[in-house]
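Chain by chain, the residues:
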Amino acid sequence: HHGVYVTGNISSGAGLTASVGKDAATGEFCLEAGAVVMADQGVCCIDEFDKMNTEYQSLLEVMEQQEVSVAKAGLVANLPARTTIVAAANPVKGHYDSGVSLADNIKLSPALLSRFDLIFLMLDQPDVEVDGLLSEHVMQLHGGRLQGRNKENRLPAIAYKPSQKLLQQSTQGGSTATQETARLLDKIKSFAQRGVPPLPLAVIQKCVAYARKYARPTMSREATAVLKECYLELRNQNANCVGGIAITVRQLESMVRLAEARARLDLRQVVTEADALDVVAIMKESLYSTVIDEYGSIKVKGKKKGKHAEARRFLTTLAKLAKSQGRKVFSVAEMYALADDIQLQVDDMQNFVEELNYAGELLKKGGGMYALA
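For the structure given in this document, a descriptive report is provided here. (Residues numbered from 1 in each chain as written. Predicted model: local features only at pLDDT ≥ 70, side-chain atom pairs only at ≥ 80, totals over all residues. Heavy atoms only, no water.)

As a further point, take the packing of aromatic side chains. In this structure the tally under the stated criterion is three aromatic pairs. Seen from their ring centres, tyrosine 210 and tyrosine 214 are 4.7 Å apart, and the 40 degrees between their planes marks the pair as tilted. One end of the pair, tyrosine 210, and the other, tyrosine 214, are both in helix H8 (residues 201-214), four residues apart, so they sit about a helical turn from each other. By relative accessible area, tyrosine 214 is classed as partly exposed at 47%. Taking 5.7 Å as the distance between ring centres and 75 degrees as the angle between the ring planes, the aromatic pair formed by phenylalanine 314 and phenylalanine 352 counts as edge-to-face. Note that phenylalanine 314 is positioned in helix H12 (residues 306-325) and phenylalanine 352 in helix H14 (residues 349-358), a separation of 38 residues in sequence. (Phe/Tyr/Trp six-rings, centres within 6.5 Å; stacked < 30°, edge-to-face > 60°. Helix = DSSP H or I, 4+ residues; strand = E, 2+ residues; numbered from the N terminus. Buried < 20%, exposed > 50% of the residue type's maximum accessible area, 1.4 Å probe, protein only.)

What follows is the structure, encoded as structure tokens:
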């Protein structure tokens with residue numbers, strides 16, 4: 001199995017799929033395999049995916065049919081391209097604008113975005129704890145390089161911490177997170193707290209190769225019912241959301257593939273209900289992250305963005321107070337009192353403050369203190 005890495009800004013459509021050229025020795029036409037064909041039954045990583053302009057159109061067939069069709073210079077062929085595509089794209093404005101859709105941020109067609117099983121937003125939000133861990137990790141890397149890479153003296157720089165508050169299950173503005181996401185996060189947290197050392201890479205490679213060769217899981221009735229219910233729920237919510245990925249049969253097929261992969265990871269021949277629930281949590285986290293605004297609210301058709309106005313009013317008043325008192329750090333109690341003074345119209349003040357922190361408007365300092373960004 002092969003792994004191929006390419007960069008989108010210097011790759012052409014023929015370089016990604018296949019091209020026809022002349023053999024230098026015989027002068028006859030021959031097929032030249034591209035990146036996705038060379039990565040058959042492997043992984044193709046594409047960086048700078050947003051710099052490909054119109055070249056991504058050649059990937060539509062690959063991501064849909066898992067093959068490349070060529071009909072040039074009298075040559076007609078179908079080349080296998082059973083490839084997992086992992087792509088990374090940057091927003092066109094240099095930062096992600098939560099006020100517009102995902103397709104407008106990275107300038108890719110909805111037809112291409114809908115062919116990805118999972119889409120995650122990696123936002124660089126200010127956080128004292130996470131930024132401290134990252135800076136410590138970078139300094140330890142350079143320190144290890146200067147001191148002979150002494151790994152024993154390095155501190156662990158990776159810790160479990162949710163990067164954002166759990167997203168709401170429906171577009172009705174509820175404050176409770178989905179049970180599937182909470183259950184999955186608790187499972188991940190329990191793994192991190194056990195302190196079990198990671199498996200060697202060679203062992204992981206052998207397990208993956210064995211699972212791909214011998215594990216052929218089938219769907220159970222319970223798992224089928226869970227995925228069907230999730231698909232119908234997403235279809236119903238997608239009718240009211242704006243700016244997100246259109247929910248089609250592709251998403252249902254994606255959930256089936258992910259559920260089979262989850263069962264294959266445990267070397268099981270049957271996809272259980274627990275596997276389906278894990279997939280539902282991941283799928284909802286992926287889809288919901290593309291339709292929330294900068295304050296954590298799901299954008300809904302026909303509704304005004306009332307929380308935007310309230311958030312801006314609260315931040316403006318807080319900035320005036322900070323300027324008059326000559327400080328930028330406030331406690332949670334002080335912000336609660338300020339919200340009462342201006343009669344802030346929010347349902348849950350605690351979630352409101354967390355959303356402002358996630359949006360980068362407030363910087364969490366620890367000890368119940370927040371600073372204006």
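Across the sheet, three strands lie side by side as S1-S4-S7; this open sheet has parallel pairing. At either margin of the open sheet sits one strand with a lone partner, and together these are strand S1 (3-7) and strand S7 (84-87). Geometrically, the sheet is characterised by an average inter-axis angle of 20 degrees between neighbouring strands, direction not taken into account. Strand direction decides the pairing type here: strand S4 (residues 43-47) and S7, joined by four bridges, are parallel. Its bridge partner lying in S7, cysteine 44 is registered against isoleucine 85. (Pairing = 2+ DSSP bridges. Axes fitted to C-alpha atoms, helices over the stretch in contact; angles between N-to-C directions.)

A separate point is helix H10 (residues 249-265). Compared with the 24 Å implied by 1.5 Å per residue over 17 residues, the 24 Å span of H10 between its first and last C-alpha is a close match. Of the residues making up H10, those classed as buried are Gln251, Ser254, Met255, Ala259 and Ala263. Count one or two residues on from H10 and you reach leucine 267, which has phi positive near 60 degrees. (Expected span 1.5 Å × (residues − 1).)

To continue, consider the side chain of lysine 284. Among the secondary structure elements, lysine 284 is positioned in helix H11 (residues 273-288). The buried category is assigned to lysine 284, whose relative accessible area is 2%. For lysine 284, the side chain forms a polar contact with the side chain of glutamate 233, separated by 3.2 Å. (Polar contact = N/O pair within 3.5 Å; in protein donor to acceptor, adjacent residues only side chain to side chain.)

Attention now goes to the pattern of salt bridges. With the rule as written, the count across this model stands at twelve salt bridges. Aspartate 50 serves as the salt-bridge partner of lysine 51, at 2.9 Å between the closest nitrogen and oxygen. Take lysine 51: its relative accessible area is 37%, and that puts it in the partly exposed class. A salt bridge links aspartate 117 to arginine 257, with the shortest nitrogen-to-oxygen separation between them at 2.6 Å. Of the two residues, aspartate 117 sits in the loop between helix H5 (110-113) and helix H6 (128-146) while arginine 257 sits in helix H10, which places them 140 residues apart along the sequence. Three or more residues are tied together by salt bridges with common partners; here these are Arg262, Asp266, Arg268, Asp275 and Asp278. (Salt bridge = Lys/Arg side-chain N within 4 Å of Asp/Glu carboxyl O.)

Moving on: unusual backbone geometry. Located in the positive-phi region is glutamine 66, a residue other than glycine, with phi close to 60 degrees. Residue position: glutamine 66 is located in the loop between helix H3 (59-65) and strand S5 (67-72). By relative accessible area, which is 31% here, glutamine 66 ends up partly exposed. One non-glycine residue with positive phi stands out, namely glutamine 343, at about 55 degrees. On the secondary structure map, glutamine 343 appears in the loop between helix H13 (332-341) and H14.

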